[in-house]
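Structural features, examined
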Amino acid sequence: MNLQTDYIDSWLMHGQENSWDDHWKVYRTMEEAVDEGKVKQLGISNFYRLEDVVWAYDNARIKFKVIQNRFYADAGHDVKIRAL
């Protein structure tokens, strides 16, 4: 990481990759940073299908603790995700 710090409280994956194989390449790298004590917790952002959120969570070795999506009333997004 080139953030000029040796520790991050929360690291979010911003959006899904083009395939689940690519997704796991990125997410496994993030999990390694947690294992090394460089990151406290992981999260995801811009995952809008409930099925994708559940599948990613179920298959993650280190479970993400944050979901950052557009949660504003006019969009109508993420009703099922927010109900989790």
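In this report, we go over the structure that sits alongside the text. Treat the numbers as computed from the prediction; the structure is a model and nothing was measured.

We now examine the nonpolar core. In terms of nonpolar packing, the biggest core is built from 17 residues, with Tyr27, Val39, Leu42, Val53 and Phe64 touching the most fellow members. Secondary structure elements with two or more residues in this core: strand 1 (8-14), helix 1 (20-35), strand 2 (39-45) and helix 2 (50-59). Counting residues per element, this core draws most heavily on helix 1, which supplies 5 residues. Discounting residues that sit within four places of it in the chain, Leu42 has contacts with Trp11, Tyr27, Met30, Glu31, Val34, Ile62, Phe64, Lys65 and Val66.

Checked against the element boundaries, Asp52 lands in helix 2. Excluding anything up to four places from it in sequence, Asp52 contacts Gln16, Trp20 and Phe47.

Next up on the list: the pairing of strand 2. Among the 7 residues in strand 2, 5 count as buried, and that is most of the element. Pairing of strand 1 with strand 2, which is carried by 6 bridges, proceeds in the parallel orientation. Residue pairing across strands places His14 opposite Ser45, the latter belonging to strand 2. This β-α-β element, strand 1 to helix 1 to strand 2, shows right-handed connectivity.

Quick look at the sheet that holds strand 2 now. Pairing within the open sheet is parallel, and its 3 strands lie in the order 1-2-3. The open sheet is flanked by strand 1 and strand 3 (66-68), the only strands paired with a single partner. Shown here is a sheet whose adjacent strand axes are inclined to one another by a mean of 30°, direction ignored. Relative to strand 3, strand 2 is paired through 3 bridges, and the arrangement is parallel. Pairing of Ser45 across the sheet is with Gln68, part of strand 3.

Parameters and conventions
- Residues numbered from 1 in each chain as written.
- Predicted model: local features only at pLDDT ≥ 70, side-chain atom pairs only at ≥ 80, totals over all residues.
- Heavy atoms only, no water.
- Core = buried A, V, L, I, M, F, W, Y, C linked by side-chain atoms within 4.5 Å.
- Buried < 20%, exposed > 50% of the residue type's maximum accessible area, 1.4 Å probe, protein only.
- Helix = DSSP H or I, 4+ residues; strand = E, 2+ residues; numbered from the N terminus.
- Contact = heavy atoms within 4.5 Å.
- Pairing = 2+ DSSP bridges.
- Right-handed = clockwise from strand over helix to strand, strands pointing away.
- Axes fitted to C-alpha atoms, helices over the stretch in contact; angles between N-to-C directions.

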